[in-house]
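# Observations on the model geometry
One letter stands for each residue in the lines below.
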Amino acid sequence: MLVRACVKVMSFLAVVPAVMASSTYICTMNSLEVYSQGGQSKQPTYLSKADVLVVNLRDRAVKVAPMFESTDQWARAHAQYNEIAKAVKAEIASGWCDSNIEITAQHLFANQDDIWAGRPAPESVTFQANIFHAEKDVTLQAQNLSIKGTFCTSHTGDVRLRAPEESPGWLRAITFKPSASGERPFDMMFEGTVSFTPPSIESLVVVGASKVTFDVDPHD
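Residues numbered from 1 in each chain as written. Predicted model: local features only at pLDDT ≥ 70, side-chain atom pairs only at ≥ 80, totals over all residues. Heavy atoms only, no water.

Within the largest apolar cluster, 42 residues are counted, with the highest numbers of intra-cluster contacts made by Phe127, Phe132 and Phe176. If we ignore the near neighbours within four places in the chain, the residues touching Phe132 are Trp96, Gln106, Leu108, Ile115, Ala117, Phe127, Val138, Leu140, Thr150, Phe151, Cys152 and Thr153. Judged by nonpolar contacts, the second largest core, of 13 residues, contains Trp74, Tyr81, Val88 and Phe151. (Core = buried A, V, L, I, M, F, W, Y, C linked by side-chain atoms within 4.5 Å. Buried < 20%, exposed > 50% of the residue type's maximum accessible area, 1.4 Å probe, protein only. Contact = heavy atoms within 4.5 Å.)

Our next topic: helix α2 (residues 71-87). End to end, α2 covers 25 Å across 17 residues, agreeing with the expected 24 Å (1.5 Å per residue, within 8%). Of the surrounding secondary structure, the elements contacted by the buried residues of α2 are β5 (52-58), β6 (61-67), β11 (124-134), β13 (144-154), β16 (188-196) and β17 (199-207). (Helix = DSSP H or I, 4+ residues; strand = E, 2+ residues; numbered from the N terminus. Expected span 1.5 Å × (residues − 1).)

As enumerated under the stated definition, the model contains six aromatic pairs in all. On the basis of an interplanar angle of 90° and a centroid distance of 6.4 Å, the ring pair of Phe127 and Phe132 is categorised as edge-to-face. The class for Phe127 is buried, based on a relative accessible area of 0%. The ring of Trp170 carries the charged tip of Arg60 above its face, separated from the ring centre by 4.4 Å. (Phe/Tyr/Trp six-rings, centres within 6.5 Å; stacked < 30°, edge-to-face > 60°. Lys NZ or Arg CZ within 6 Å of the ring centre and 35° of its normal.)

Turning next to the pairing of strand β18 (residues 209-216). Counting buried residues in β18 gives six out of eight residues, a clear majority hidden from the surface. Note that strand β4 (residues 45-47) and β18 share three bridges and pair antiparallel. Across the sheet, Tyr46 pairs through a bridge with Val212, a residue of β18. The pairing of strand β15 (residues 171-178) with β18 spans seven bridges and is antiparallel. Each residue of the ladder has a partner; that of Ala173, found in β18, is Asp215. (Pairing = 2+ DSSP bridges.)

By secondary structure assignment, the location of Asp114 is in the loop between β9 (107-110) and β10 (115-118). It is Lys136 that comes nearest to the buried, bridge-free Asp114 among opposite-charge side chains, at 5.5 Å. Looking at Asp114, its side chain comes within polar contact range of the main-chain nitrogen of Asp137, at 3.1 Å. (Lys, Arg positive; Asp, Glu negative; His and termini not counted. Salt bridge = Lys/Arg side-chain N within 4 Å of Asp/Glu carboxyl O. Polar contact = N/O pair within 3.5 Å; in protein donor to acceptor, adjacent residues only side chain to side chain.)

So, on to the confidence of the model for the chain. Per-residue confidence for the chain gives a mean pLDDT of 78; residues scoring 70 or more make up 78%. Below pLDDT 50 for its whole length, residues 1-30 participates in 44 contacts with residues either more than four positions away or in separate chains. (pLDDT = per-residue confidence, 0-100.)

Okay, the pattern of salt bridges next. One side chain can pair with another of opposite charge once the charged atoms of both are near each other. The full count for this structure, using the stated rule, is four salt bridges. Linking Arg58 and Glu202 is a salt bridge whose minimum nitrogen-to-oxygen distance equals 3.1 Å. Taken together, the positions of Arg58 in strand β5 and Glu202 in strand β17 put the pair 144 residues apart, joining distant regions of the chain. Since its relative accessible area comes to 38%, Glu202 is described here as partly exposed. Among the salt bridges present, the one from Lys177 reaches Asp158, with a minimum N-O distance of 2.8 Å. You can see Lys177 sitting in strand β15 and its partner Asp158 sitting in the loop between β13 and β14 (159-162), a full 19 residues away along the chain.

Across three bridges, the pairing between strand β7 (residues 90-92) and β9 is parallel. Note on β9: the bridge partner recorded for Ala90 is His107. Bridge analysis of β9 against β11 gives four bridges, and the strand direction is parallel. Bridging from a neighbouring strand, Ala110 pairs with Ala134 of β11.

Further remarks concern unusual backbone geometry. Cis geometry is adopted by the peptide bond preceding Pro198, which originates at Thr197 and carries an omega value of -15°. The topology assignment puts Pro198 in the loop between β16 and β17. Here Asp59, not a glycine, exhibits a phi torsion of approximately 55°, which is positive. Locating Asp59 in the fold gives a position in the loop between β5 and β6.

Structure follows, in structure tokens:
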């Protein structure tokens, strides 16, 4: 009986996505209680082999739910990507940033640099039906982000949802590493809402991310 119990426990642990953190964070399976103490440089990171993740954040408690049966999600994402790509003219961009409250139907490439899109001041921005391709990082920045059908590709970097510099919240950014960087028509698709003051995430759906890192203020 003891041997069977051990085998069952090991089997269960093997399918749970890995969670890494420094000693200043409390981590449990698919939930992270995000606290920063004493200026530690490490940030809580979630790893998953699932193609689709649903991220929620409420009162410093992060829940990342993987969806392994995601063929329908991928099919819908590809169909939406193809529709946007046909409808919107591609433009070359470098260090691009917009001050509009709604960024819609942008299809931007950065040949040698990053793409920055959003508002540097603490305002709300809606991203809808956009495609951003960058050789390095793709950064979407605003105090409150509403993201609908936005696709990002980073050949050598990450995709980051970031708070403005003057944002008072303890959450500074959420960084996503693509599972197949530069090998697909798009690396990641985003749908959902993210607020940095106070920090909260309401069912952010991410297609194509293998790693999620929560960048927090080390002095908070």
